Amino acid sequence: MSKVNLGDSTKGVETLWRYMSLDKFIDLLDTSELFFSSLSSYSQSDPFEGLLPQVTSKPIGDVFVERIEVLKKEVDKAESYIKGLNDKATPSQLSALNAARQQITTLTDDFNQSYIDVIHSITVNCWHSNDHESEAMWKLYNENHKGIAIKTSLESLVSAFKDNDDEHEISIGKVKYIDYFDSSLTKDDCVVDGTISPLLKRLSFSHENEVRVFISPNVAEGEVLEGRKPLRIKVDLNSLIEGVYISPYASGLFTSSVKAICKKYLIEEQKVHASGLFSGVEGLTKLVNNS
């Protein structure tokens, strides 16, 4: 059974939406699995994804730099010693010096790569927090006017994980949007639910109003960091799906097809809705009704 940690950042969050294409919707119904993508897969749309503001990342690097400085001082001493030999250093002495220089380069590269590996080993499943449908989100996930949105609640989302056979530790938190280059930013500003990644994004993405379900590698237990592949986590669809909404831009044929698919997968008819994004406009165009 998966352990679910609900972050304090989600207080006040009630209604959640997951906008998707029809093929991803069918995949969810067919497998009863939520798809968790690696953070690295989001780098095309946002190269900052998973990275930390300098106010947070620099202290981590500084601790490492202090260790490297000790090694550099030893190398400097060795270079001075060899220089004092007036070109009479032995091949083994020169070889040892070059090896030490290479060690510094290797350690620095390894540290930087480890930082990237940790980030890319986090997998996420993203939801939009909103009491209502979002026109912006429909447009983002409405390829060829064939979008679907699943409506759920935070409580139902947590409940959907409870009876699976996975042993993952799943966290749920609300993304915080900040200016990464704000000079007044402090380290505390970057901490959300006791973590600094992956619950930070730039202000430019605040329209997403995102709640993230994520799985982080257990570095303390030596979990291998190899740019984790996407994960699929079993969920109870009856608990998860409170409503299925069909794109407001969809054709009648697409709408009927979605309803047929939902019927095949035993989604209750009363849970399937046409989008209400443009509903009610007729009433507002009539100032006087016929009696």
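Before reading further, recall that the structure is shown in the block above.
Residues numbered from 1 in each chain as written. Predicted model: local features only at pLDDT ≥ 70, side-chain atom pairs only at ≥ 80, totals over all residues. Heavy atoms only, no water.

Moving on to unusual backbone geometry. Positive phi values are uncommon outside glycine, yet N209 reaches one of about 40°. Along the chain, the position of N209 falls in the loop between β8 (200-202) and β9 (210-215). Positive phi is not limited to glycine here, since L266 has a value of about 65°. With respect to the element layout, L266 can be found in the loop between α7 (252-264) and β12 (272-274). (Helix = DSSP H or I, 4+ residues; strand = E, 2+ residues; numbered from the N terminus.)

Turning next to the side chain of S129. Within the fold, S129 resides in strand β4 (residues 123-129). Sequence-distant contacts of S129, defined by excluding residues within four places in its chain, comprise V13, T15, L16, K174, N209 and V211. (Contact = heavy atoms within 4.5 Å.)

Next up on the list: the packing of aromatic side chains. The final tally for this structure, using the stated rule, is 6 aromatic pairs. For the pair W17 and Y245, a centre-to-centre distance of 5.1 Å together with 65° between the ring planes defines the contact as edge-to-face. Linking W17 in strand β2 (residues 15-21) with Y245 in strand β11 (residues 243-246), this pair joins segments that are 228 residues apart in sequence. The class for W17 is buried, based on a relative accessible area of 3%. Residue classification places Y245 among the buried residues on the basis of a relative accessible area of 14%. Taken together, a centroid distance of 5.7 Å and an interplanar angle of 70° make the contact between Y249 and F278 edge-to-face. Taken together, the positions of Y249 in the loop between β11 and α7 and F278 in the loop between β12 and α8 (281-284) put the pair 29 residues apart, joining distant regions of the chain. (Phe/Tyr/Trp six-rings, centres within 6.5 Å; stacked < 30°, edge-to-face > 60°. Buried < 20%, exposed > 50% of the residue type's maximum accessible area, 1.4 Å probe, protein only.)

What follows deals with the pairing of strand β5 (residues 147-153). Among the 7 residues in β5, 6 count as buried, and that is most of the element. Strand direction decides the pairing type here: β2 and β5, joined by 7 bridges, are antiparallel. Bridge pairing links R18 to I150 in β5. Looking at chain direction, β5 and β11 are connected through 4 bridges and run antiparallel. (Pairing = 2+ DSSP bridges.)

Attention now moves to the packing of helix α1 (residues 22-31) against α7. Orientation of α1 relative to α7, taken along the N-to-C sense of each, is 10°, at an axis distance of 11 Å. The orientation of α1 with respect to α7, classified from their angle, is roughly parallel. Contact with α1, carried on its side by L22, F25, I26 and L29, involves F254, V258, I261 and C262 of α7 and no other residues of that element. Per-class residue counts for the contact of α1 with α7 are 8 nonpolar, no polar and no charged. (Axes fitted to C-alpha atoms, helices over the stretch in contact; angles between N-to-C directions. Parallel < 35°, antiparallel > 145°, perpendicular 65-115°, else oblique. Nonpolar A, V, L, I, M, F, W, Y, C, P; charged D, E, K, R; others polar.)

Attention now moves to the layout of surface pockets. Of the pockets and cavities examined, the largest pocket occupies roughly 930 Å³. In terms of lining residues, the largest pocket is bounded by 34 residues, among which R18, Y19, K24, Y42 and Y141 are the most central. Only β2, α1, β3 (33-38), β4, α4 (135-140) and β9 provide two or more residues apiece to the lining of the largest pocket. Split into classes, the residues belonging to the lining of the largest pocket amount to 14 nonpolar, 7 polar and 13 charged. (1 Å grid on protein atoms, 1.4 Å probe; cavity = no way out; pocket = protein on both sides within 12 Å on 5 of 7 lines; lining within 4 Å. Points joined across faces, edges and corners; volume = space filled by probe spheres on them.)

Note that all results are geometric; they support no functional claim without further evidence.
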